Amino acid sequence: MTISRVARDGGTIAYEVHGKGPLVVLAHGMGENRATFRHLTPRLVAAGYRVASVDVRGHGDSSPRWPGYAPAEVGGDLLAVVRALGGGPATLVGSSSSAAAVVFAAADAPALVNGIVQVSPFVAPPKPNPVLRAAQAVVLRSPRLFGMFHRTLFPGARPADDAAYRKEMVAKLRGRMAAVRGVVAPVDPHWSERAREVRQPVLVLMGTKDPDFPDPGAEARAARRLFATAEARMIADSGHYPHADQPEATAVDLVEFLAVTSGA
């Protein structure tokens with residue numbers, strides 16, 4: 001494994017690249033790191049793609065502290081990776097909180113982005129009740145508690161190496177919880193306000209058992225309707241991270257979409 005880095009105002013963004021072919025950039029959600037794509041990346045490489053998995057600012061091997069963590073800034077980081085890898089154009093895949101970032105990137109730099117994939121996007125900012133909000137405040141300050149919460153997002157199947165991944169994830173979060181809170185902090189504009197500016201093809205992927213939503217299918221359809229050209233697909237028996245708990249099914253949908261965005 002070779003870690004590459006690209007300099008940004010405030011720090012460096014770490015990423016690793018595998019394979020050859022049209023460029024695909026993967027960005028994880030809050031608290032995770034690029035290893036969340038460990039089961040998806042080999043499948044995309046086998047399908048003929050060059051895959052760059054990124055550590056979102058403040059996470060993994062990227063710099064730990066940044067002046068801001070807004071989706072627009074994370075989107076800018078992804079574009080910096082695309083430029084460092086030759087300018088693409090690339091298909092950007094954003095999971096959970098990074099599903100917002102890929103919208104900003106596509107709207108801000110259409111020449112560098114030929115399509116985006118939102119995995120488990122939040123169409124509207126969550127509005128938890130006061131008790132749940134207090135609980136979240138505690139969880140988002142403790143790597144150990146975040147690890148316990150993370151486990152609940154796999155209501156069905158789990159990767160065989162799930163426990164080992166989570167242990168390493170928790171270890172990497174020490175001293176980085178401000179970034180975890182930062183990437184999900186409410187900001188204006190919300191990504192939904194930029195969605196109509198995206199003219200590239202869009203794919204929304206959602207697990208049928210995603211516990212973050214009372215009706216995952218409705219959430220996926222709501223996201224799809226925000227874009228000029230978009231499709232929504234459901235991953236059966238999957239939770240919040242389809243690329244981790246159902247990587248084969250996720251890869252099938254992604255490869256079909258990538259054939260369109262890359263002109264294959």
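Refer to the preceding data block for the structure.
Residues numbered from 1 in each chain as written. Predicted model: local features only at pLDDT ≥ 70, side-chain atom pairs only at ≥ 80, totals over all residues. Heavy atoms only, no water.

### So, the pattern of salt bridges
Part 1: Overall, the coordinates contain 16 salt bridges when judged by the stated rule.
Part 2: As a salt-bridge pair, Arg34 and Asp55 come within 2.4 Å of each other at their nearest N and O atoms. Separated by 21 residues along the polypeptide, Arg34 in the loop between β3 (23–27) and α1 (41–46) and Asp55 in the loop between β4 (50–54) and α2 (71–84) bring together distant segments of the chain. Exposure class is identical for Arg34 and Asp55. Each is buried.
Part 3: Asp61 serves as the salt-bridge partner of Lys172, at 3.6 Å between the closest nitrogen and oxygen. Placement of the pair is Lys172 in helix α6 (residues 162–172) and Asp61 in the loop between β4 and α2, with a sequence separation of 111 residues.
Part 4: Classification of Lys172 as partly exposed rests on a relative accessible area of 24%.
Part 5: Look at the salt bridges and you will find they share partners, linking Glu16, Arg34, Asp55, Asp61 and Lys172 into a network. (Salt bridge = Lys/Arg side-chain N within 4 Å of Asp/Glu carboxyl O. Helix = DSSP H or I, 4+ residues; strand = E, 2+ residues; numbered from the N terminus. Buried < 20%, exposed > 50% of the residue type's maximum accessible area, 1.4 Å probe, protein only.)

### Regarding the pairing of β4
Part 1: Among the five residues that make up β4, four are buried, leaving the element largely enclosed by the rest of the structure.
Part 2: Of the strand pairs in this sheet, strand β2 (residues 11–18) and β4 are connected by four bridges, and their pairing is antiparallel. Residue Glu16 lies in a different strand from β4, and its bridge partner there is Ser53.
Part 3: Sheet analysis places β3 next to β4, joined by five bridges and oriented parallel. (Pairing = 2+ DSSP bridges.)

### Here we look at helix α5 (residues 143–151)
Part 1: Residues of α5 that are buried: Pro143, Phe146, Gly147 and His150. The buried residues of α5 occupy an angular sector of 105° when projected down its axis, which confines them to one face. (Arc of directions from axis to C-beta.)

### Focus: the side chain of Thr41
Part 1: Its place among the elements puts Thr41 in helix α1.
Part 2: The exposure class assigned to Thr41 is buried, which follows from its relative accessible area of 10%.
Part 3: Among residues more than four places away in sequence, those in contact with Thr41 are His18, Leu26 and Val51. (Contact = heavy atoms within 4.5 Å.)

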